[in-house]
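Examining the three-dimensional arrangement
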Amino acid sequence: MPFAFGCVLCKNPYTKAMPRNWGNTIYSLLDQEGPFATASTPPGAALFSRLARRRAVELRRQNLVAKYRASRNQVFELLNITSYPEIKALIKDKIRRQEINRRAYLLLGNMFGIHGSEREIVSRVDGYSQTADSVIRYLNNRVLARFAPFIEITNEIDITSSPVDLLLIMFDDRYHKKARFEAKRKLVLMSLAGSIDQRERETDIEAKFAEFLHFLNSFVWSPEIRIGELDLFYLLSRHEPEKFSCTDVRVLTEAEAAGVSLLPGQKLTLIKRRRFRAGTQEVPIYVSVRKKAPEAKVLKLIRKGEENPAVAVDDELGLLGVLDTAAEVKLFQKHLTESAIRANSFMTLEDISDTLDGISSHSSSNIGSSTATPMMKFFARMGGMRVEFIVHTNKTYLDYIYKKDVSHDEYEVKRIFDSGVTELLFPREIYHLDMEGARNQLIRWFRQRIEDY
């Protein structure tokens with residue numbers, strides 16, 4: 001996917017420096033502290049200006065000259081032009097734009113290995129636009145919901161799907177700097193979405209997900225329950241005031257939970273349980289099975305600073321399980337391997353980490369994660385699939401949800417902010433949002449919501 005690039009770095013006196021160096025990756029094109037920064041005037045407007053000379057110096061200093069040339073050539077090739085002045089004429093020529101638009105869709109379809117009619121190719125590429133918008137909406141509606149007015153997408157960019165139209169917006173002086181940055185951001189996110197879609201088609205992830213669900217329903221869960229049948233229970237837990245860690249937990253039926261009046265420091269958590277059979281014993285388990293959504297994969301690529309989903313996204317399929325005790329967790333693990341044999345497949349467990357004893361701690365290279373989160377984590381390889389399993393006891397699961405500095409809500413905020421994703425996608429110079437202050441405020445807000453409700 002070709003991407004445009006901004007004029008030379010135009011620093012704002014209150015702009016905070018980027019917390020990480022994006023190097024020679026696609027993400028450097030969005031770095032408002034780098035030579036590809038979106039400026040007040042479109043790129044290519046004045047090739048021999050002082051700003052252009054400063055950009056050239058900065059490109060050499062950061063070893064990004066090759067990246068600049070490759071990006072420029074991609075822009076020219078997709079637009080079927082040979083120089084910047086041709087872009088102005090193209091912006092005003094609707095008939096030629098339609099021809100180039102059609103040509104661009106076919107070129108991109110071939111690049112991402114999309115087969116089908118012209119309409120199918122256009123629909124697939126436009127789907128990458130929807131994924132790009134979903135990335136921003138996810139952050140807008142969830143992690144950064146309290147700051148949504150700051151980071152809303154410009155209407156004209158929101159409704160634009162064509163890569164050619166987005167490129168031309170970046171070179172059109174009629175559009176504000178924010179809109180031109182968002183057009184470039186959308187193209188970068190579309191490129192990542194395209195790479196992810198290509199990877200999913202190559203690995204046939206949809207079929208594998210269906211196969212994984214079939215394995216669970218046919219061989220893992222108790223034959224006494226119907227597919228999708230769930231029993232409702234509640235966890236009544238008590239939490240100490242300082243860290244809000246779980247000190248005691250009881251499993252209640254729906255009827256028992258209806259008569260509970262919560263005291264300070266108590267939580268009532270709904271869990272919908274399935275069952276598996278170990279010998280003659282029926283063991284209850286709460287399960288959440290998921291296939292990672294495209295927007296989540298895009299965000300993971302950015303957090304890791306990777307462009308290749310085959311390298312960065314190794315947990316496309318996953319299962320979260322919660323059992324009453326650590327002994328039942330080990331029983332479930334044994335049941336899994338035995339179930340695979342019944343399904344005529346050997347199962348090997350990889351990268352096993354067991355910290356349920358509360359003494360050991362797992363090592364994690366993920367930014368924002370806490371090594372103090374007890375769990376059993378492993379990857380199960382079987383039937384041509386590699387599935388991530390995270391298994392908790394009731395107590396460790398409640399800590400995973402509620403404990404200070406450990407809870408998933410806090411983790412979500414920390415990994416998005418501390419990895420530099422928010423600063424990259426919503427630079428302060430353009431969005432006027434202090435990310436450090438927003439991070440701390442959001443963590444306090446999540447803590448208050450966890451402990452007070």
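Relevant structure appears above.
For clarity, every value in this text was computed on a predicted model and none was experimentally measured. Counting starts from 1 at the beginning of each chain's written sequence and moves along it residue by residue. Reporting in this predicted model follows two pLDDT cut-offs: at least 70 for local features of residues, and 80 or more for side-chain atom pairs to be given and counted; totals over whole chains, interfaces and linings ignore these cut-offs and use all residues. Side-chain measures here rest on the full set of heavy atoms in the structure, leaving out hydrogens and waters.

Right, let's get into the overall build of the protein chain. When helices and strands are tallied, the protein chain shows 19 helices and 8 strands. Exposed residues in this analysis have more than 50% of their type's maximum accessible area, buried residues have under 20%, and partly exposed residues fall in between, with area computed by a 1.4 Å probe over protein chains only. Residues counted as buried form 51% of the 453 residues belonging to the protein chain. Contacts spanning at least 24 positions in sequence make up 73% of the contacts within the protein chain whose residues lie at least 6 apart. In this tally, Asp and Glu contribute negative charge and Lys and Arg positive charge; neither His nor the terminal groups of the chain are included. The atoms used to mark charge sites are NZ of Lys, CZ of Arg, CG of Asp and CD of Glu. Positive and negative side-chain charges of the protein chain, numbering 67 and 59 respectively, have mean locations separated by a distance of 5 Å. Helix and strand assignments come from DSSP, with helices taken as H or I runs of at least 4 residues and strands as E runs of at least 2, each series counted from the N terminus. The contact definition used throughout considers only heavy atoms, calling two residues in contact when any of these lie within 4.5 Å.

Our next topic: the pattern of salt bridges. Pairing of side chains with opposite charge becomes possible as their charged atoms draw close. Salt bridges are identified by distance alone: a Lys or Arg side-chain nitrogen within 4 Å of an Asp or Glu carboxyl oxygen. Using the criterion set out here, one finds 37 salt bridges in the structure. Salt-bridge contacts for Asp248 lead to Arg238; the nearest nitrogen and oxygen are separated by 4.0 Å. A residue pair is termed long-range when its members are at least 10 positions apart, and Asp248 in strand β2 (residues 246-253) and Arg238 in strand β1 (residues 231-239) qualify at 10 residues. Judged by its relative accessible area of 31%, Asp248 is partly exposed. Ionic contacts of the salt-bridge type, sharing partners, join the residues Glu224, Asp231, Arg275, Arg277 and Glu282 into one network.

A pair of aromatic rings is counted whenever rings of Phe, Tyr or Trp (Trp by its six-membered ring) have centres within 6.5 Å, and the orientation is called stacked for planes under 30 degrees apart, edge-to-face for over 60 and tilted otherwise. As enumerated under the stated definition, the model contains 15 aromatic pairs in all. Note on Phe181 and Tyr431: the rings are 6.3 Å apart at their centroids and 70° apart in plane angle, and the pair reads as edge-to-face. One end of the pair, Phe181, is in helix α9 (residues 177-203); the other, Tyr431, is in helix α18 (residues 428-431), and 250 residues separate them in sequence. We note that Phe181, like Tyr431, is buried. An aromatic cluster is built from Phe76, Tyr84 and Phe171, whose rings are joined through pairwise contacts. Over the ring of Phe233 we find Arg273, and its NZ or CZ is 5.4 Å from the ring centre. Counted as over-ring charges are cases with an Arg CZ or a Lys NZ within 6 Å of the ring centre that also lie within 35 degrees of the ring normal.

Moving on: the sheet that holds β2. At least two DSSP bridges between two strands are needed for those strands to be called paired. Pairing in this open sheet of 8 strands is mixed, and the strands run β2-β1-β3-β4-β5-β8-β7-β6 from one edge to the other. Edge positions in the open sheet fall to β2 and β6 (348-354), since each of these has one partner strand only. Strand-to-strand twist of the sheet, defined as the mean angle between neighbouring strand axes without regard to direction, takes the value 35°. The pairing of strand β7 (residues 376-382) with strand β8 (residues 385-393) spans 7 bridges and is antiparallel. Counted as the bridge partner of Phe378 is Phe389 from β8. In this analysis an axis means a line fitted to C-alpha atoms, helices contributing only their contacting stretch, and an angle means the value between N-to-C directions, from 0 to 180 degrees. The sheet strands contacting helix α15 (residues 394-402) are β1, β2, β3 (266-278), β4 (281-291), β5 (317-323) and β8, and the helix crosses β8 at an angle near 100°.

This brings us to the packing of helix α16 (residues 408-418) against helix α19 (residues 435-452). Contact geometry for α16 and α19: axes closest at 9 Å, N-to-C directions at 175°. Here α19 runs roughly antiparallel to α16, going by the angle between their axes. Residues Asp409, Glu410, Val413, Lys414, Phe417 and Asp418 of α16 touch α19, and the partners they reach there are Met435, Ala438, Arg439, Leu442, Ile443, Phe446, Arg447 and Arg449. Roughly parallel means an angle under 35 degrees; roughly antiparallel means over 145; roughly perpendicular covers 65 to 115; every other angle is labelled oblique.

Here the focus is helix α12 (residues 294-304). Residues Lys297, Val298, Leu299, Lys300, Leu301, Ile302 and Arg303 constitute the buried set of α12. Of the residues flanking the end of α12, it is Gly305, one or two places downstream, whose phi is positive at about 65°.

With that out of the way, let us pick up the pairing of β4. One ladder, built from 6 bridges, connects β3 with β4; its direction is antiparallel. Across the sheet, residue Arg274 finds its bridge partner in β4, namely Ile285. Pairing of β4 with β5, which is carried by 6 bridges, proceeds in the antiparallel orientation. Paired with Ser288 across the bridge in β5 is Leu320.

Turning our attention to α19. A helix is expected to reach a length of 1.5 Å times the quantity of its residues less one. Here α19 is 18 residues long and its end C-alpha atoms lie 25 Å apart, about the 26 Å a rise of 1.5 Å per residue gives. Among all positions in α19, only Met435, Ala438, Arg439, Leu442, Ile443, Phe446, Arg447 and Ile450 are buried. Viewed along the axis of α19, the buried residues span an arc of 165°, placing them on a single side of the element. Projecting away from the buried face of α19 at angles above 90 degrees are the exposed residues Arg444 and Asp452. The arc under discussion is defined with respect to the helix axis, by the directions toward the C-beta atoms.

Our next topic: the nonpolar core. In terms of nonpolar packing, the biggest core is built from 75 residues, with Leu79, Leu189, Ile302, Leu425 and Phe426 touching the most fellow members. Looking at this core, the element that brings in the most residues is α9, giving 10 residues. In this structure Leu425 touches Leu30, Ile136, Leu139, Phe181, Arg185, Leu189, Leu299, Ile302 and Tyr431, once residues within four positions along its chain are discounted. Residues belong to one nonpolar core when they are buried, are Ala, Val, Leu, Ile, Met, Phe, Trp, Tyr or Cys, and are joined through side-chain atoms within 4.5 Å. Counting residues in hydrophobic clusters, the runner-up holds 29 residues, among them Phe209, Ile225, Val283 and Val329.

The next thing to look at is the side chain of Ser28. Tracing the backbone through its elements, the reader meets Ser28 in the segment before α1 (50-61). Ignoring any residue separated from it by four or fewer positions in sequence, one finds Ser28 in contact with Trp22, Gly23, Phe36, Leu64 and Lys67.

Moving on: the packing of helix α5 (residues 118-143) against α16. At a closest axis distance of 12 Å, the pairing of α5 and α16 adopts a crossing angle of 135°. Comparing their axes, α16 and α5 come out oblique. With respect to the hand of their crossing, α5 and α16 are arranged in left-handed fashion. Every residue of α16 that contacts α5 at Tyr138, Leu139, Arg142 and Val143 is listed here: His408, Asp409, Glu412, Val413, Ile416 and Phe417. Ten residues, namely Ala, Val, Leu, Ile, Met, Phe, Trp, Tyr, Cys and Pro, are considered nonpolar, four, namely Asp, Glu, Lys and Arg, are considered charged, and the remaining ones, Gly among them, are considered polar. A breakdown of the residues in the contact of α5 with α16 according to their chemical character gives 6 nonpolar, 1 polar and 3 charged. By convention the crossing between two helices is left-handed if the near helix lies anticlockwise of the far one by an angle smaller than a right angle, and right-handed if it lies clockwise.

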